[in-house]
Amino acid sequence: MNAAPDGSVIQRDAPRADLIAFEIKDKITKPDIEWMSSITDEAMKAHGKIDMLLIMSNYEGSDLGAKFDGYANEVKVRSVAHIRKYVVVGAPTFARAMIKLSGTVIPVETKTFDLAEEAAAWAYLVEAGPAAG
């Protein structure tokens, strides 16, 4: 498990290299979103297609600098072509609605789970098999 510079995000261990998982533990800072984006960017370059799991155990929003970070936004835009499954655990109600809506307009399969269903989210992604497969 790796932690971002300010500790608002940690990278969780995943059962396969093309599945990246992050836990959001606080308000996301600019250094932390850049750290998270660089890991995502490297995974997309290495594997082509990836799956992503976000666990929002204590999401407190994002700093203004994190919301408008150029590199993070560039990675987010490019990720549409590289993420097969985007799974979020514990998303606040407003975020859950946005995730479901985005799944209808972009070519990424989205799914949300309640925080108590984290094990089911992991099982869903493990059952899906490799993203490139």
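Please refer to the structure placed before this passage.
Throughout this document, residue positions are counted from 1 along each chain, in the order its sequence is written. Only residues with pLDDT of at least 70 are given local features in this predicted model, and only at 80 or more are side-chain atom pairs given and counted; all residues enter the totals for whole chains, interfaces and linings. Heavy atoms from the whole structure form the basis of all side-chain values; hydrogens and water molecules are not counted.

Time to look at the environment of Ile-10. When you line up the elements, Ile-10 lands in strand β2 (residues 9–12). We classify Ile-10 as buried; its relative accessible area is 11%. On a C-alpha basis, the gap between Ile-10 and Ala-120 in space is 20 Å, while along the polypeptide they are 110 residues apart. Put simply, DSSP marks the helices as runs of H or I at least four residues long and the strands as runs of E at least two long, and each gets a number from the N terminus on. Only protein chains enter the area calculation, which uses a 1.4 Å probe; residues under 20% of their type maximum are buried, those over 50% are exposed, and those in between are partly exposed.

Within the secondary structure, Arg-96 is located in helix α4 (residues 93–105). A distance of 3.3 Å separates a polar atom in the side chain of Arg-96 from the backbone oxygen of Phe-113. Pairing of N or O atoms within 3.5 Å defines a polar contact, subject to two protein rules: one partner must be a possible hydrogen donor and the other a possible acceptor, and residues neighboring in sequence count only if both atoms are side-chain atoms. At 2.8 Å, the side chain of Arg-96 forms a polar contact with the side chain of Asp-114. Two residues qualify as a contact provided that any one of their heavy atoms is within 4.5 Å of a heavy atom in the partner residue. Not counting the four nearest positions on each side in its chain, Arg-96 is found in contact with Ala-91, Thr-112, Phe-113 and Asp-114.

With that settled, the discussion passes to the pairing of strand β5 (residues 83–89). Where burial is concerned, most of β5 is hidden: five out of the seven residues are buried. The pairing criterion is simple: DSSP has to find at least two bridges between the two strands. Note: strand β4 (residues 50–56) against β5, six bridges, orientation parallel. Bridging from a neighbouring strand, Met-52 pairs with Tyr-86 of β5. Both β5 and strand β6 (residues 109–113) contribute to a ladder of five bridges, which runs parallel.

What counts as a ring pair is set by centres within 6.5 Å for rings of Phe, Tyr and Trp (its six-membered ring), and what kind of pair is set by the plane angle: stacked under 30 degrees, edge-to-face over 60, tilted for all other angles. All chains considered together, the criterion is met by two aromatic pairs. Between the aromatic rings of Phe-22 and Trp-35, the centroid separation amounts to 6.0 Å while the plane-to-plane angle is 70°, which identifies the pairing as edge-to-face. Residue Phe-22 is located in strand β3 (residues 19–24), and its partner Trp-35 is located in helix α1 (residues 30–47); the two are separated by 13 residues in the primary sequence. On the accessibility criterion, Trp-35 (17% relative accessible area) is buried. Ring centres of Phe-113 and Tyr-124 lie 6.1 Å apart, and the angle between their planes is 55°; this geometry places the pair in the tilted category. Of the two residues, Phe-113 is situated in strand β6 and Tyr-124 in helix α5 (residues 118–128); the sequence distance between them amounts to eleven residues. Judged by its relative accessible area of 9%, Phe-113 is buried. Over the ring of Tyr-124 we find Lys-111, and its NZ or CZ is 5.4 Å from the ring centre. A ring is considered to have a charge above it if a Lys NZ or an Arg CZ atom is located within 6 Å of its centre and within 35 degrees of its normal.

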